[in-house]
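Below, each chain spelled out in residue letters.
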Amino acid sequence: MKVRIFVTYKQSVFDPQGETIKDAIHALGHQGVTGVTVGKFFDVTFAPETADVEAAVQAIADQLLVNFNMETYTYQVMEEK
Amino acid sequence: MKVRIFVTYKQSVFDPQGETIKDAIHALGHQGVTGVTVGKFFDVTFAPETADVEAAVQAIADQLLVNFNMETYTYQVMEEK
Amino acid sequence: MKQAMTPEEIKAQKPYLDWSLSEREYNYIAEELLGRLPNYTETGLYSAMWSEHCSYKKSKPVLRLFPNKNARVLQGPGEGAGVVDIDDGQAVVFKAESHNHPSTVEPYQGAATGVGGILRDIFSMGARPIASLDSLHFGELDNPTMKMKVQDTVKGIGDYGNCMGIPTIAGETTFDPCYSGNLLVNAMSVGLMDQKHLQKGTANGIGNAVMYVGAKTGRDGIHGATFASADFSDENATQRSAVQVGDPFMEKLLMEACLELIEQHADWLVGIQDMGAAGIVSSSAEMASEGQAGMELNLDLVPQREPNMSAYEIMLSESQERMLLCVVKGHEADVQAIFKNYDLEAVVIGRITAGHDYVLHHDGQEVCHIPVSTLTDDVLEEASEEREPARLKAAKQAPAWVPGIKDAGATLRQLLAQSTIADKSVFFEQYDSMVRTSTVVGPGSDAGVLRVRGTRKGLAMTTDGNGRFVYLDPEIGGKMALTEAAANLIATGAEPLAITDCLNYGDPTDPEIFWELHHSVMGMAEACRVFDTPVISGNVSLYNENNGQAIHPTPMVGMVGLIKNLDRVIPMAAQHAGDAVYLLGQTGDDFAGSELQKLLTGDIAGALADFDLQATRDNFHRLLAEMQAGHIASAHDLAEGGLGVGLAEILFKTELGVNLTLTLTKDQFFAETAGRMIVTVPVEHTAAFEAALGTAVTKVGEVTNSHWLQVRLADGQVNENVQALQTIWEEAIPCQLKSKD
Amino acid sequence: MRLAVIVFPGSNCDLDLYEALHTVCGADVEYVSHKATSLAGFDGVMIPGGFSYGDYLRAGAIARFAPVMKEVIRLAKAGAPVFGTCNGFQILTEAGLLPGALKKNDSQRFVCKTVALEVVNNQTRFTHQYTAHERINLPIAHADGSFYADQATLDQLEANGQVVFRYAEENPNGSLNNIAGITNAAGNVLGMMPHPERAVEAILGNTDGLRLFKSLLTPAAAD
Ligand SMILES: Nc1ncnc2c1ncn2[C@@H]1O[C@H](COP(=O)(O)OP(=O)(O)O)[C@@H](O)[C@H]1O
Ligand SMILES: [Mg+2]
């Protein structure tokens, strides 16, 4: 089972990277783009027998993957391919 | 309209970050995790009147966001919130 | 996965031609060396080991021209890196390596893995890397693609070295259209060791273990052509990539573990070598060959990152951060324990056997059984055709170009904004230049200087290459490259010890290009003899071309020098008002290949004037003696942009100026005659200095308290505010990087 | 005072910190592995710069789970001096011993150079040998040095005098309030992005960092 965990800066945190990319996109001529935000994601695969994957995901995000001073996360269980 | 573009390493490309994070997850006691890969995503917002958003997304990914030597991408049109 | 071809199919279909093994070589292997047809794996191994990259079959005859010994050289070419005695039982270890092709395709990872590779060469010798240098040659910064490549290259070098905790303390960056389709990314690393820890890449002793340590093997870096053709025909090629990805964190652990093993348990270790080009095959065959031993490996034991790798892929993979060890039988577990402590795997993948055969097993089958030496020693050297490039004859006959400058101040301002001359701090500030707290002089000076902790000694180091001069005259250009490197070291107060090099050229099967290679090495070799700086290591990079357009022939010289007394490190910048300013060396009408010529004509052309190496060397050594005597306040060698630019450079970031009177013309103010320096001397030492240097120096004026560069020339004058010049110089590259085209 | 320099996998300024304390200041200092489970006998902890675990997740994020961190936290809570520079600062924030977090530099680039700092608080056990509001120069070398905390935390830091160093001229990374170094509320834990251990010897051109270690090693009379 695979879970995709999305981590982004909190809205209140200034992220110059998104702005820089937006400028670059405009320079390429795509004026229709009004905003860019950047995040990272982690695809975490669990052994099929893992009990309570969602609890594990939350624990892993809370303890390791996310720094709550500046970041926040969501996750999504992926379909098996 | 918002599009989320996911960028990951191609299959055969070594992902040292993912390996290190997997080890850390194991050290925290989540042995059920069998793999971790790391990617980035870009939420790109388009002005509502933008014609052919998908073509624009592909152009932006091709020219700017993705390094085709080692990366590949997918994207997903997001619901408005 | 498709079934590999049979030996007969290989003979008939000649796939080896795509792997750059010639039919002549293939036949020689089959008929003379083996007396049978090589199988698929064996053919692959020969192709790799007999490539120019591994065997130097074309360049070897030329490399023999280099001197590679003197009383200080402890290890010359032939090992991971060269080793030079620096007294007190210590040695300095260094080597440079090119990563041009990988960096052109993928600048970030190419540059990063270039640094990673050269660091492994250093610690495989038993030395701790203490500094890195780089030599980068790019196309002009006038298009978004090149700007991106430049920034990615710099980030790749920085990220790897910074994470390893090895300071990058010197280097060079130049820009010329000839590199736009083929970047040059040369990395050099310098290590320090106690001589007693010196290691070799050797394997012997029947029953001793061959151990693999470090990262797992993937399909990284396996030659694109074979990658696409043989084994993946049923998969979507675009989902795969052979780009090598660096893992500096792994390498840091690997380095610490290897150094612990070498420094504390050398008796467990027979030999150690990094896996560089052609991965396992090259490291294992070279070690067995060096130890005159047989070797048997079981490839099923090799840690693998990807499923279903063929023997060929496992052997040729260029996955990074791996080392091969030969360990005394019985100490396998001890070695494993050391690596385990760093969370690293060490695996026995084979043994040393009686005889001289190289035997590989994979999937229960013997996939290779050949004499080791046929991989390493029996390579057919190739005689190359050579012919003097037509352009050289023409240049010698053409009338010399005369710049005819009107406003020397305006020319100076323009030159300072030329990207090759302008401030590079936007690049080198991305390198940690201070970690390990021994950096006495960091990037931005003539040479980097490190102290040797616990002693009064220092080491100075520099990389230099100027393809434009070598292009105009390979032999004189080769001499100039050496001279510039020596001048950079002398300027800091160091005595040159030895050099490493990267020889970057185009396609050597073009007789004109082979001529460039041959003659530039002749020039370098002669200068090495004069400066007594033997070549102790190096690397050759050929086929640097794009669409049939070769780069300028660009030999890079990496030179290291010894400073016996750290109190006598000489700064580049002027120090005090009132000091006398001297010019060392004579200035000629040397405009061919200069930055001035490029600025004014947009091109380079003409013939180079030869210069007197011996006189240059003597001048340098007399200057060095004066430095050691404490008579010199500052010294700076003159290179791109000549005296004009050199004077500005010694005033930047000071509050000083100069007031000079010269017999030179406005044009000559920017000539790039080799072997010159600008030296400032406190008044109380001028008499001694003049007595020692005699006619080699000309007193031209003094350092002043006004922040102005004031020079009276034979046919005009320069009167420029130094702060204004500095602003031009500092802003040029950041501006170019930002501008939208 | 016996000090531990903690060595994590990927630490690379451990030597620099050790040499500054041992060779330059003559302090009683030892390297301690991240695997150590006891810091008994140590009076203070020094966490060096570098790239623990490659900084592959976030700088300092993985190191905080190392076995030795339990002991570091114990000593910190007991009031012992704990000092982290660069990656050490990042680890201290990730471990919750210091408030806030360190983001990627605004430039998105690693930057190594010497910057001007103001000693904002010279009343700490790490800074009492500096004068109030003294200007000093220290090297920085980091890619993730932009200090971030929410407004309430920032206000608190300022009000309590926990801001110890501030960038005095150029802000090299986008740090809020130009913060370069902070202490915890109790004042015994200091984290800073600049590297004082790189500025303790004249041969390297800068000794402005020396008094930080001297402060630590010679408690002020008032202490
Ligand atoms: N241009 C050169 N000058 C001197 N020595 C060279 C040169 N090129 C290669 N060598 C020497 O040949 C040997 C093989 O080089 P190389 O294949 O680059 O080393 P490695 O196997 O470590 O990658 C090395 O010892 C190197 O020092
Ligand atoms: Mg090598």
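Refer to the preceding data block for the structure.
Quick notes on the rules
- Residues numbered from 1 in each chain as written.
- Chains lettered and ligands numbered in written order.
- Predicted model: local features only at pLDDT ≥ 70, side-chain atom pairs only at ≥ 80, totals over all residues.
- Heavy atoms only, no water.
- Helix = DSSP H or I, 4+ residues; strand = E, 2+ residues; numbered from the N terminus.
- Rg over C-alpha atoms; globule rule 2.2 N^0.38 Å.
- Buried < 20%, exposed > 50% of the residue type's maximum accessible area, 1.4 Å probe, protein only.
- Contact = heavy atoms within 4.5 Å.
- Areas by Shrake-Rupley, 256 points an atom, 1.4 Å probe, with all protein chains shown as cover.
- Lys, Arg positive; Asp, Glu negative; His and termini not counted.
- Charge placed at Lys NZ, Arg CZ, Asp CG, Glu CD.
- Arc of directions from axis to C-beta.
- Polar contact = N/O pair within 3.5 Å; in protein donor to acceptor, adjacent residues only side chain to side chain.
- Buried area = accessible area lost by both parts, 1.4 Å probe.
- Salt bridge = Lys/Arg side-chain N within 4 Å of Asp/Glu carboxyl O.
- Pairing = 2+ DSSP bridges.
- Axes fitted to C-alpha atoms, helices over the stretch in contact; angles between N-to-C directions.
- Least-squares fit on C-alpha atoms with pLDDT ≥ 70 in both.
- Core = buried A, V, L, I, M, F, W, Y, C linked by side-chain atoms within 4.5 Å.
- Donors = N, O, S within 2.8 Å, 3.2 Å for Na, K, Ca; no water.
- 1 Å grid on protein atoms, 1.4 Å probe; cavity = no way out; pocket = protein on both sides within 12 Å on 5 of 7 lines; lining within 4 Å.
- Points joined across faces, edges and corners; volume = space filled by probe spheres on them.
- Nonpolar A, V, L, I, M, F, W, Y, C, P; charged D, E, K, R; others polar.

**Student:** What am I meant to see in the overall build of chain D here?
**Tutor:** Assigned secondary structure in chain D consists of five helices and 11 strands. Over its C-alpha atoms chain D spans a radius of gyration of 16 Å, differing by no more than 12% from the 17 Å that the globule rule assigns to 223 residues. With the C-alpha coordinates of chain D rotated into their principal frame, the extents come out at 40 × 40 × 35 Å. Counting the 223 residues in chain D, one finds 65% classified as buried.

**Student:** How do you make sense of the overall build of chain A when you look at a structure like this?
**Tutor:** Summing up its helical and strand segments, chain A has two helices and three strands in all. Element order for chain A, N to C, with α for helix and β for strand: β-α-β-α-β. The C-alpha radius of gyration of chain A comes to 16 Å, more than 25% above the 12 Å expected for a compact globule of 81 residues. A principal-axis box enclosing the C-alpha atoms of chain A has dimensions of 50 × 35 × 15 Å. Residues counted as buried form 46% of the 81 residues belonging to chain A. In chain A, 69% of the contacts between residues at least 6 apart in sequence involve partners at least 24 apart. As displayed, chain A offers around 4000 Å² of accessible surface, 52% of which is attributable to carbon and sulfur atoms. Put simply, chain A has 6 plus and 11 minus side-chain charges, and the middle of one group is 6 Å from the middle of the other.

**Student:** Looking at this structure, I do not really get helix α16 (residues 408–416) of chain C. What am I missing?
**Tutor:** All names here are of chain C. The complete set of buried residues in α16 reads Ala408, Gly409, Thr411, Leu412, Leu415 and Leu416. Down the axis of α16, the sector holding all buried residues measures 160°, keeping them to one side. Here the buried face of α16 lies against α21 (595–601), α23 (642–651), β27 (708–713), β28 (716–721) and α25 (722–738). Its side-chain oxygen placed 3.0 Å from the backbone nitrogen of glycine 409, aspartate 407 serves as the N-cap of α16.

**Student:** Explanation requested: the interface of chain B and chain A in the structure shown.
**Tutor:** Many analyses report the size of an interface as the accessible area lost when the parts associate. Contact residues are listed per partner, giving 32 residues for chain B and 32 residues for chain A. Across the chain B to chain A interface the summed buried area is about 2500 Å²; carbon plus sulfur atoms make up 68%. Counting the contacts that link chain B with chain A gives zero salt bridges. Here chain B is connected to chain A by 10 residue pairs in polar contact (both at pLDDT 80 or more).

**Student:** Quick question: what am I supposed to make of the sheet that holds β27(C) here?
**Tutor:** Sheets are built from strands paired through backbone hydrogen bonds, the pairs being either parallel or antiparallel. Residue and element names in this part refer to chain C. Pairing is mixed across the open sheet formed by seven strands, whose spatial order is β23-β25-β22-β26-β24-β27-β28. In this open sheet, the two strands that pair with only one neighbour each are β23 (634–637) and β28. Taken pair by pair, the neighbouring strands of this sheet meet at an average axis angle of 20°, ignoring direction. Relative to strand β25 (residues 677–681), β23 runs antiparallel, the two being bridged by four bridges.

**Student:** What should I look at first to understand the relation of the copies chain B and chain A in this one?
**Tutor:** Think of it as a corkscrew move, a rotation about one axis and a shift along it, taking one chain copy to the other. Each copy superposes on the other: chain B lies on chain A with an RMSD of 0.3 Å after a rotation of 180° and an axial shift of 0.0 Å. Interpreted geometrically, this transformation is the action of a two-fold axis. In terms of C-alpha distance to the rotation axis, chain B has Lys40(B) as its closest residue, with the C-alpha 2.1 Å off the axis.

**Student:** Got a minute to help me understand unusual backbone geometry in this structure?
**Tutor:** Negative phi values dominate among residues other than glycine, just as trans dominates among peptide bonds. Residues and elements named next belong to chain A. Even without a glycine there, the phi angle at aspartate 52 is positive, about 50°. Along the chain, aspartate 52 falls in the loop between β2 (33–46) and α2 (53–65). A relative accessible area of 53% places aspartate 52 in the exposed class.

**Student:** What exactly am I supposed to notice about the nonpolar core here?
**Tutor:** Nonpolar side chains tend to gather and get buried jointly when the protein is soluble and globular. Counting residues in hydrophobic clusters, the biggest one holds 148 residues, and the most contacted among them are Leu325(C), Phe339(C), Ile6(D), Leu39(D), Phe165(D) and Phe213(D). At 10 residues, the largest contribution of residues to this core is made by helix α10 (residues 248–264) of chain C. By size, the runner-up hydrophobic cluster in this structure holds 66 residues, among which are Ile513(C), Met524(C), Ile604(C) and Met677(C).

**Student:** Sorry if this is basic, but what is going on with the pattern of salt bridges here?
**Tutor:** Within this structure, the stated rule accounts for 48 salt bridges over all chains. Across the pair Arg58(D) and Glu71(A) runs a salt bridge whose closest N-O atoms are separated by 3.6 Å. You can see Arg58(D) sitting in the loop between β3 (44–47) and α2 (68–77) and its partner Glu71(A) sitting in strand β3 (residues 71–78), one on each of two chains. When sorted by exposure, Arg58(D) lands in the same class as Glu71(A), which is buried. Residues Arg2(D) and Glu30(D) are paired through a salt bridge, measuring 2.8 Å at the closest nitrogen-oxygen approach. Taken together, the positions of Arg2(D) in strand β1 (residues 2–7) and Glu30(D) in strand β2 (residues 28–33) put the pair 28 residues apart, joining distant regions of the chain. Classification of Glu30(D) as partly exposed rests on a relative accessible area of 36%.

**Student:** How should I be thinking about the coordination of the magnesium ion (ligand 2) in this particular structure?
**Tutor:** By definition of the ideal shapes, four donors in a tetrahedron about a metal sit 109.5 degrees apart, and six donors in an octahedron sit 90 or 180 degrees apart. Distances from the magnesium ion (ligand 2) to its protein donors, Asp121(C) (OD) and Asp121(C) (OD), fall within 2.5 to 2.6 Å. Positionally, Asp121(C) belongs in helix α7 (residues 107–123).

**Student:** Where do I start with empty space enclosed by the protein in this structure?
**Tutor:** The probe, sized like a water molecule, is rolled over the atoms to show the empty space still left. According to the stated counting rule, one finds five cavities of 30 Å³ or more in the structure shown. One number sums up the size of the largest cavity: a volume of about 160 Å³. Tallying contributions element by element places helix α19 (residues 474–492) of chain C first for the lining of the largest cavity, with six residues. Across the lining of the largest cavity, the residue classes tally to seven nonpolar, five polar and five charged. Approximately 100 Å³ is the volume attributed to the second largest cavity. Surrounding the second largest cavity, 17 residues form its lining, Gly50(D), Phe51(D), Cys86(D), Phe110(D) and Ala141(D) being those nearest its centre. Counting residues per element, the ones that place at least two in the lining of the second largest cavity are α3 (87–94) and β7 (135–142) of chain D. When grouped by side-chain class, the residues that make up the lining of the second largest cavity number six nonpolar, seven polar and four charged.

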